[in-house]
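Listed below, chain by chain, are the residues.
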Amino acid sequence: MEAEKPYKNFIQKIIDEDNLSGKFNKNVHTRFPPEPNGYLHIGHAKSICLNFGLAHQYNGLCNLRFDDTNPIKEEDEYVKAIIEDVSWLGFDWGDRLFYASDYFDQMYEFAVFLIQSKKAYVCDLSADEVRATRGNLKEAGTDSPFRERTVDESLLLFTQMKNGDFEDGSRTLRAKIDMSHPNLNMRDPVMYRILKANHHRTGDKWCIYPMYDWAHGLEDSLEGITHSICTLEFEDHRLLYDWYLNQLDTYHPQQIEFARLNLNFTIMSKRWLKKLVDDGYVSGWDDPRMPTISGLRRRGYTPESIRNFAEKVGVAKRDNVVEMNLLEHSLREDLNKKANRVMGVIEPLKIVITNFPENEIDYLEAINNPEDESAGKRRIAFTKEIYIERSDFMEEPFRKYFRLAPGREVRLRYAFYITCVDVIKNSKGQIIELHCTYDPETRGGSSPDGRKVKGTIHWVSSTENIEAEVRLYDRLFLEPNPSKSDNINDTLNIDSLVLKKTCFIETEMKKASVGEFYQFERLGYFSLDNIDSSPEHFVFNRSVALRDSWKKIEKGFQTSKIGCG
RNA sequence: UGGGGCGUCGUCUAACGGUAGGACACCUGGUUUUGGUCCAGGUAGUUGGGGUUCGAUUCCCUACGCCCCAGCCA
């Protein structure tokens with residue numbers, strides 16, 4: 001798939017050692033285990049690429065498994081979205097699509113076995129009481145009064161729990177470990193809770209649901225997972241993971257933890273992302289500003305760019321905050337090779353070419369992709385009236401500004417040199433159009449006399465064009481680390497979406513369709529919005545702007561900003 | 001401060017105990033009909049202090065800093 005790095009990450013080194021020692025018979029079998037309680041984001045993409053990538057590199061397998069042990073939070077809508085996202089990213093789990101709920105019966109049997117082994121007991125304490133007796137970071141907890149209940153009594157009560165004889169929260173099944181263990185996870189953790197909730201797959205069959213720690217190792221074990229890769233916060237849980245599997249004396253995968261991805265100027269918490277959706281700050285999980293996979297897809301990211309990004313950020317155990325730059329770079333890198341170029345004007349300023357004949361159309365030739373000759377060429381209509389970008393004209397230009405200005409000559413890309421001869425303003429002094437002359441000798445964009453023009457600008461005919469709406473996006477948050485701020489709402493960037501309702505694009509784009517990528521020359525990469533765009537009303541999303549070294553120069557001159565859009 | 005982790009350029013990430021390298025970002029210069037791309041070059045880092053060693057990012061000790069854990073969430 002992508003070029004492999006010349007070095008290995010720490011997980012690859014562990015696998016190499018395991019293969020050397022024969023720990024798993026040289027097998028590599030991973031899994032990606034999302035909980036269907038929200039949409040996948042770019043952080044999940046890192047994990048997906050890691051798990052599927054490892055399996056691929058070592059000729060192993062990777063399962064897709066929904067960790068659906070909490071019916072209260074989980075929905076089928078999320079299952080569908082997750083399947084679409086993983087598959088869109090380019091990964092294939094074959095016939096190995098599993099659900100934790102597939103194993104509820106087996107988990108139940110294992111739990112009965114643990115009770116019989118005197119390693120688990122039904123506890124009648126309430127949630128509050130359990131919390132009160134768990135102790136804290138410094139103090140040991142105290143044993144539950146039900147801890148020494150007989151096996152038979154626990155067995156009977158557990159059956160009754162399963163049958164729905166008790167109220168939600170009235171009892172739990174707990175592992176009997178050590179209430180004074182320094183690792184809080186080992187203080188008689190809850191294995192099952194009573195939850196009379198409808199499960200998206202098992203319906204009302206179960207009144208009890210397994211907790212993550214109890215369920216996850218069993219799922220891994222049952223599927224023959226070799227390396228169970230998860231994020232750092234589960235490091236503390238590995239002891240419990242191992243304890244359960246050891247008590248059951250069953251096949252025992254190795255849990256390995258890595259640092260989750262963080263991206264600056266955005267958030268990765270599903271809880272916060274859901275809040276942005278629910279509170280209407282964004283249009284949905286797939287809003288192009290969201291760091292979700294569906295949002296990135298709608299924004300115009302390619303699966304390749306995301307996979308390459310995942311490769312570039314690497315895998316380690318150190319907390320990290322990756323710069324948004326790197327994600328954007330990955331997209332530009334991919335699209336520079338793939339995207340056909342086209343001209344579009346986002347903030348139109350009309351130009352009348354005074355010496356160009358009325359009602360005449362001159363069809364000029366343009367290169368579709370300078371990075372890919374096979375992309376061919378196209379024709380662009382040149383007419384007496386055209387639009388250029390407002391920001392490509394300055395009445396009083398900065399020193400290094402080399403676009404259009406009064407009396408100045410610039411090149412219209414693939415067309416002619418034009419010279420600005422007149423600036424037309426309305427009663428309020430706003431520039432409404434420009435009068436220019438063109439040099440017929442410069443057709444195609446070069447002059448027989450070899451004279452140089454510093455600037456080349458894009459343009460679109462005012463009659464031969466397509467009208468479109470364009471959406472420009474910026475970071476969702478103003479703070480580099482929004483989740484660390486006191487009030488996350490205060491850091492929201494209210495200008496993260498800018499609508500350009502009336503834009504003009506060359507007629508070539510009539511055939512544009514969703515899923516294609518274009519570079520609007522000098523503006524960035526764009527693609528049609530997969531929800532709001534229609535053949536009657538094109539809506540383009542800017543996926544990412546081009547790198548812009550002018551912007552930096554411009555900042556130096558910003559003391560005197562005039563007429564520049 | 002109990003337990004579990006982690007400290008390398010601005011940001012990610014490498015380096016059997018042997019020249020601290022790569023990517024992004026940034027800065028120069030070149031090419032250019034996109035102020036894009038491409039090309040060439042540059043700036044910039046081992047948390048501090050000890051120790052072992054001919055030699056320490058790596059091993060040991062110590063200090064400091066950061067992250068995670070007290071859900072019947074995952």
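Rules and cut-offs
- Residues numbered from 1 in each chain as written.
- Chains lettered and ligands numbered in written order.
- Predicted model: local features only at pLDDT ≥ 70, side-chain atom pairs only at ≥ 80, totals over all residues.
- Heavy atoms only, no water.
- Pairing = 2+ DSSP bridges.
- Helix = DSSP H or I, 4+ residues; strand = E, 2+ residues; numbered from the N terminus.
- Axes fitted to C-alpha atoms, helices over the stretch in contact; angles between N-to-C directions.
- Contact = heavy atoms within 4.5 Å.
- Parallel < 35°, antiparallel > 145°, perpendicular 65-115°, else oblique.
- Nonpolar A, V, L, I, M, F, W, Y, C, P; charged D, E, K, R; others polar.
- Buried < 20%, exposed > 50% of the residue type's maximum accessible area, 1.4 Å probe, protein only.
- Domains from an automatic or database assignment.
- Expected span 1.5 Å × (residues − 1).
- Arc of directions from axis to C-beta.
- Right-handed = clockwise from strand over helix to strand, strands pointing away.
- Near = heavy atom within 4 Å.
- Polar contact = N/O pair within 3.5 Å; in protein donor to acceptor, adjacent residues only side chain to side chain.

### Thoughts on the sheet that holds strand 7 (residues 208-210)
Step number 1: Taking strand neighbours across the sheet as the criterion, the four strands line up as 4-5-6-7 in an open arrangement whose pairing is antiparallel. One side of each edge strand has no neighbouring strand; the edge strands of this open sheet are strand 4 (120-123) and strand 7. The average angle at which neighbouring strand axes cross in this sheet is 20°, direction not considered.
Step number 2: Bridge count for strand 4 against strand 5 (residues 172-175) is four bridges, and the pairing is antiparallel. In the sheet register, Y121 faces strand 5, and the bridge partner there is R174.
Step number 3: The sheet contacts of helix 4 (residues 104-116) involve strand 4, strand 5, strand 6 (190-194) and strand 7, and relative to strand 6 the element is tilted by about 120°.

### A word on the packing of helix 4 against helix 8 (residues 238-248)
Step number 1: In contact at an axis separation of 10 Å, helix 4 and helix 8 are set at 80° when each is read in the N-to-C sense. Accordingly, the angle class assigned to the pair helix 4 and helix 8 is roughly perpendicular. Counted together, F110, F113 and L114 of helix 4 and W243, Y244, Q247 and L248 of helix 8 form the full contact between these two elements.
Step number 2: Of the residues that constitute the contact of helix 4 with helix 8, the class distribution is six nonpolar, one polar and no charged.

### Re the environment of I267
Step number 1: Assignment of secondary structure puts I267 in the loop between strand 9 (254-258) and helix 9 (270-278).
Step number 2: The buried category is assigned to I267, whose relative accessible area is 2%.
Step number 3: Linking I267 and L476, residues 209 residues apart in sequence, is a C-alpha distance of 8.9 Å.
Step number 4: Other than its neighbours up to four places away in sequence, I267 contacts W272, L273, L276, P291, F477, P482, S483 and I488.

### Looking at the domain arrangement of chain A
Step number 1: Domain boundaries assigned for chain A yield domain 1 (103-210), domain 2 (341-461) and domain 3 (468-559).
Step number 2: Once you take the C-alpha centre of each, domain 1 and domain 2 turn out to be 74 Å apart.

### Topic: helix 4
Step number 1: Helix length check: helix 4, at 13 residues, gives a terminal C-alpha distance of 18 Å against a target of 18 Å (1.5 Å per residue), a fit within 8%.
Step number 2: Within the span of helix 4, buried status applies to F104, M107, Y108, A111, V112, L114 and I115. Projected down its long axis, helix 4 shows its buried positions confined to an angular sector of 160°, all on one face.
Step number 3: Once helix 4 ends, the next one or two residues include K118, with phi positive near 65°.

### Notes on the pairing of strand 2 (residues 61-66)
Step number 1: Within strand 2, five of the six residues are buried, leaving the element largely enclosed by the surrounding structure.
Step number 2: Pairing between strand 1 (residues 29-32) and strand 2: four bridges, direction parallel. Within the sheet, the bridge partner assigned to F32 lies in strand 2 and is L64.
Step number 3: Taken together, strand 1, helix 2 (residues 42-57) and strand 2 form a β-α-β motif whose crossover is right-handed.
Step number 4: When strand 2 meets strand 3 (residues 97-99), the two strands line up parallel, connected through three bridges.

### What about the protein's contact with RNA strand B?
Step number 1: The environment of RNA strand B is formed by 69 residues, the closest being K13, R341, G444, Q519 and R522.
Step number 2: Sugar plus phosphate, as a fraction of atoms of RNA strand B within 4 Å of the protein: 66%.
Step number 3: Taking L125, its main chain carries an N or O atom lying 2.7 Å from a base nitrogen of RNA strand B.
Step number 4: Contact distances for RNA strand B include 3.1 Å between a base nitrogen and a backbone N or O atom of L137.
Step number 5: Elements supplying a minimum of two residues to the surface near RNA strand B: helix 5 (127-133), strand 6, helix 12 (324-338) and helix 13 (549-556).
Step number 6: The class makeup of the residues in the surface near RNA strand B is 24 nonpolar, 19 polar and 26 charged.

### Thoughts on unusual backbone geometry
Step number 1: One non-glycine residue, N59, adopts positive backbone phi at about 55°.
Step number 2: Within the element layout of this structure, N59 appears in the loop between helix 2 and strand 2.
Step number 3: If you check the backbone angles, R522 has positive phi at about 70° while not being a glycine.
Step number 4: Position of R522 relative to the elements: it lies in the loop between strand 23 (518-520) and strand 24 (524-528).
Step number 5: A relative accessible area of 35% places R522 in the partly exposed class.

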